[in-house]
Structure formats: structure tokens, C-alpha cells
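Topology and contacts: notes
Residues per chain are reported as follows:
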Amino acid sequence: MGRVSGKVALVTGAARGIGRAQAIRLAEEGADIVAIDICGPVDTVIIPSATPADLEDTVRAVEATGARIVTAVADVRDGVALRAATDAAVDQLGGIDIVCATAGITSSAPGLELTEQQWQTMLDVNLTGVWQTCKAAAPHLIARGSGAMILTSSIAGLRGLVGVAHYTAAKHGVVGLMRSLAQELAPHGIRVNSVHPTNVDTPMIQNDMVRRSFRPDREHPTREEFAEVARTMNMLAIPWVEPVDIANAALFLASEEARYITAVALPVDAGSTQR
């Protein structure tokens, strides 16, 4: 316990999924939390969106650890709103030491059939939103003279995936952003890394759209039918990892255990990228 004791962690996409798991895991290890989420729908995304009630569930889980938590409803595409939320949280908690840029969306279509709106929205959220998050938080880490940024990418940031060219492009872009920021922020004692999950058991994959992309032979594939095919993606005999697996990786990268690790793309992928 206490691997990030006394730190403040900003987490986007904190209402559910990986973001919630990161907020809880960092809180369990001593960090206070700034939890940001849009808590509403995004154009082109057909899966149910996170809600204010989801964010309240994150609050209760973090508070149960004894940590403090400040929340904000903000769209990572909106730099002005994101900076305002970040600055207000710093006024309450005293600073920021850790950034988990996790907010993201998914949608699907063959690369040449994507609409311009699908393409642009994907890049705006999954790449520009990560940049906006880093931009909003960086001055506060620089003021500390230390810190860690963990950018959530995907196995799609390390290899090509069929049917999600826009997602793959955005997640590859996150890697480039990570590598450049690692260079630029190193003089300030700030480390920047990315994590690359395989499928994660969250609403982002547990929906008809994603399940049908794996099981086009089924109109409404069940969780078990989806798992049969998803398992073939990974080297280890599992269909997907859990949100806490990504949170544990983020915790490691944020902790003193990783004090000399920067500019690294860390797969948490059950061997998927090497299969």
C-alpha cells in the first residue's frame, strides 16, 4: 500500500471502464483523484454512453478507500473546459502529479467506407483529446518538477486492425505523441509512457456492434459466443483482460518502481501483438 501516497492523479474517462479502475487503483495506493468524464453521448458512437450516475459510482468507490476526489463533467475535445476543470481541481487538491489520459470512443466500418464525421470524431476524441489532457495538466506537473503521464492507447497503436482504421490511426498517433512529450518533458523530471490493452471487458467491447464484428454469423452474439472468437486474438487462453489489469500497469508506471522508465509503449495484451 502507499505506492503513490501523497500524489494527485488526474484521470479522464473516469466514469466507468478503464478510467474508473485507474481512479480506484491509484486511490487504493494513496493518491487523491481528479475524475473527468463527458458523462454523455458522442456523435457517431452507438454504444450507451457513460452517465453522471456512473461518475457518482466512481466517487463512492474512491471515497471508500479514504482518498479525496474532485470531479468534473468535461469533453476532452474542449481544451478550454478541460483546462478550467483541471485548474479548479488543482485549487482544491494542491497540484497534479499523475495523468491518466484514458477517455476514448470506438466505432466501426471498413476504412474506405468511414464517413468524414466518423473519422474526424475518432481523431478528435482519441488523439486530440489525449493531447488536450496533457496540455491542460502539464503546467501543474512542471510546477512540481516531477510527474508521470500514462496515455491509454491500444494494441491498435502497435498493429493494424480490420474495420477500425480511424481508431488504429488515432491510437498510433497516441504513441507518437507519447514519444515526443517524453522528450519535451524529460528536462522537467516528467515521464511519459503509453499502455496498450488487448480487448478489455468494458462496455466498449461488450455490445452488439463489437460482438457482431467478431461473430458476423450471429445477429445478436452472446457474451460466450463473442468470447470463443475473441480468445483467438491472444497468445494466452483468455478472451479479454479486466480493467484492473490496465489500472495496475498505470499504477506501476506512475510509481517510483518505474522512476527511470519513459517513452515506453507497454502492451497489456495477453501476447496479442506477438501472435
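Reference entry: report on the structure contained in this document. (Residues numbered from 1 in each chain as written. Predicted model: local features only at pLDDT ≥ 70, side-chain atom pairs only at ≥ 80, totals over all residues. Heavy atoms only, no water.)

**What about the layout of surface pockets?**
For the second largest pocket, the calculated volume is near 220 Å³. K7, G147, R191, A254 and E256 are, among the 14 residues lining the second largest pocket, the residues nearest its centre. Considered class by class, the residues forming the lining of the second largest pocket number four nonpolar, four polar and six charged. (1 Å grid on protein atoms, 1.4 Å probe; cavity = no way out; pocket = protein on both sides within 12 Å on 5 of 7 lines; lining within 4 Å. Points joined across faces, edges and corners; volume = space filled by probe spheres on them. Nonpolar A, V, L, I, M, F, W, Y, C, P; charged D, E, K, R; others polar.)

**Considerations on the sheet that holds strand β7 (residues 265–268)**
Pairing within the open sheet is parallel, and its seven strands lie in the order β3-β2-β1-β4-β5-β6-β7. Each edge of the open sheet carries a strand with a single partner, namely β3 (69–73) and β7. Across the sheet, the mean angle separating the axes of adjacent strands is 15 degrees when strand polarity is ignored. Where strand β5 (residues 147–152) and strand β6 (residues 190–197) come together, six bridges link them in parallel fashion. Among the inter-strand pairings, T152 is bridged to a residue of β6, identified as V195. Together, β1 (8–12), β2 (32–37), β4 (98–101), β5 and β6 form the strand contacts of helix α1 (residues 17–28), whose direction differs from that of β1 by roughly 170 degrees. Set on the sheet, helix α5 (residues 165–185) makes contact with β5, β6 and β7; between it and β6 the angle comes to about 165 degrees. (Pairing = 2+ DSSP bridges. Helix = DSSP H or I, 4+ residues; strand = E, 2+ residues; numbered from the N terminus. Axes fitted to C-alpha atoms, helices over the stretch in contact; angles between N-to-C directions. Contact = heavy atoms within 4.5 Å.)

**Points about the packing of aromatic side chains**
Scanning all chains against the criterion turns up two aromatic pairs. Residues F226 and W240 carry aromatic rings whose centres are separated by 5.1 Å and whose planes lie at 45 degrees to one another, so their mutual orientation is tilted. One end of the pair, F226, is in helix α7 (residues 223–230); the other, W240, is in the loop between α7 and α8 (243–254), with 14 residues separating them in the sequence. Residue F226 is classed as buried on the basis of its relative accessible area of 0%. For W240, a relative accessible area of 8% gives the class buried. (Phe/Tyr/Trp six-rings, centres within 6.5 Å; stacked < 30°, edge-to-face > 60°. Buried < 20%, exposed > 50% of the residue type's maximum accessible area, 1.4 Å probe, protein only.)

**Some words on the nonpolar core**
Across soluble globular proteins, you tend to see nonpolar side chains buried next to one another. The biggest cluster of nonpolar side chains holds 43 residues, and the ones touching the most others in it are I36, M149, L151 and V192. With 35 residues, the next largest nonpolar core counts A15, C39, I150 and L253 among its residues. (Core = buried A, V, L, I, M, F, W, Y, C linked by side-chain atoms within 4.5 Å.)

**Brief notes about α7**
If you check which residues of α7 are buried, you get E225, F226, A227 and A230. Contacts made by the buried residues of α7 are with α6 (208–214).

**Considerations on the environment of G147**
With respect to the helices and strands, G147 occurs in strand β5. The class of G147 is buried, set by a relative accessible area of 14%. C-alpha separation for the pair G147 and V99, spaced 48 residues apart in sequence, amounts to 8.2 Å. Apart from the residues within four sequence positions on either side, G147 is in contact with D97, L141, G189, I190 and R191.

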